Amino acid sequence: MRNTALRSTAGALGAALCAALTAVPPAAGAEPADPGTATGRTVVGTGHVDIGPRFAEDGWTVQIRDDTADPAVWRDTDDVVLQVRDTAKIQAPGGEEFGFLGEPGDAVWVLPQAQQEGVVWPGWNSQDARVAATVEREVTWELTDVSGPGDFVLFLNGAFGTPEVVFDAAGKLPQETGIEVNSHVHGNWAFTEPGTYLLDVRMRATTKDGEAHDSRRTLHFSVGPQDPEKAFTAGDPDDPAGQDDQDGRDTAAQGASGGDRAGTSSGGDSSSAPLWWGIGAAVVVAGAGLSAVRRRGRGGGSPAAPAEGSAHDSRKGDADGPA
């Protein structure tokens, strides 16, 4: 259930978040040409990664740039599990504005907007060299489906520490946001229960020659102490080992339809203070600030204003076509 009562800790938290806001460093610009897509499965539990569109060997697609490799490489989303270790586990703060994380003291796993040691640091970028050179103005990013044992929320640290929700799986899907061309952004990725989460995403854009490009992919997250390898095959009907999380998938589907959030466990001996105090405005954008992620209502729902229409069946291959 959402917390509706203001708590005294909310003021202190807001002040801490505001104080933690950092200056926005300049973007390095579009990255150089890529050597190709790396092969082989990998679990990433620490370090920096980015999700974004790319013109790969077979054309426009959503991939993950893995900066934990040396040199950095792009990988297919089905070849990567992002492991959310218990080092990311905190207690949900009080305050109405953070009610989407659960009741105060509930356990929640947060990959923060500012980099933290021992925690994977996922962002999103539109800095593929060809994307930056050819896409008209922005990329549209949609969250089309979420499955998992709890809720998923992606949010930014707004002015005075007030959170700005980008995606909330408890709302009606699909939801969308815009990514300015040649930008690189980080946010807070929150999960309310341990287990496997599959996030179906879609990125589409129109290039300056008028051609529309569209890619649908699935992001794999493993939250908590489970074996992260399970997340590679979760939801695969041909793999019995991938069926362990089906009950959790059903629970999350109920939340995405507008029902109550899945219950969360108590925070135990976890403490929210160290992680929340470290959250800052870790945003790297070419010539822009938080405008790189702009909430919009056209074509999709949002936590604040759900759109009409049903969620897409997006766990499929890429397809170039009308956006």
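Residues numbered from 1 in each chain as written. Predicted model: local features only at pLDDT ≥ 70, side-chain atom pairs only at ≥ 80, totals over all residues. Heavy atoms only, no water.

(A) Spotlight on the sheet that holds strand E11 (residues 152–157). Pairing in this open sheet of 5 strands is antiparallel, and the strands run E7-E8-E15-E11-E12 from one edge to the other. Of all strands in the sheet, those bounded by a partner on one side alone are strand E7 (89–91) and strand E12 (163–168). On average, adjacent strands in this sheet sit at an angle of 35° to one another, irrespective of strand direction. Bridge analysis of E11 against E12 gives 5 bridges, and the strand direction is antiparallel. Bridge pairing in E12 places Leu156 opposite Glu164. (Pairing = 2+ DSSP bridges. Helix = DSSP H or I, 4+ residues; strand = E, 2+ residues; numbered from the N terminus. Axes fitted to C-alpha atoms, helices over the stretch in contact; angles between N-to-C directions.)

(B) Just the pairing of strand E10 (residues 138–147), in detail. Here E10 lies mainly inside the structure; 9 of its 10 residues are buried. Here E10 runs beside strand E13 (residues 175–180); their pairing, made up of 6 bridges, is antiparallel. Note on E13: the bridge partner recorded for Trp141 is Thr177. For E10 and strand E16 (residues 195–206), the ladder comprises 7 bridges, and the chain directions are antiparallel. Looking at E16, one finds that Glu142 is bridged to Arg202. (Buried < 20%, exposed > 50% of the residue type's maximum accessible area, 1.4 Å probe, protein only.)

(C) Geometry of the packing of aromatic side chains. One pass over the structure, following the stated rule, counts 12 aromatic pairs. A centroid spacing of 5.3 Å and a plane angle of 35° characterise the contact between Phe152 and Phe191, whose relative ring orientation is tilted. Here Phe152 is found in strand E11, whereas its partner Phe191 is found in strand E15 (residues 188–191), with 39 residues between them in sequence. Here Phe152 and Phe191 have matching classes, each one buried. Taken together, a centroid distance of 5.1 Å and an interplanar angle of 45° make the contact between Phe191 and Phe221 tilted. With Phe191 in strand E15 and Phe221 in strand E17 (residues 212–223), this pair connects stretches of sequence that are 30 residues apart. The pair formed by Phe191 and Phe221 is uniform in burial state, with each residue classed as buried. Ring pairing ties together the aromatic residues Trp124, Trp141, Phe152, Phe167, Trp189, Phe191, Tyr197 and Phe221, which thus form one cluster. Positioned over the ring face of Phe55 is Arg130, at 4.0 Å from the centre of the ring. (Phe/Tyr/Trp six-rings, centres within 6.5 Å; stacked < 30°, edge-to-face > 60°. Lys NZ or Arg CZ within 6 Å of the ring centre and 35° of its normal.)

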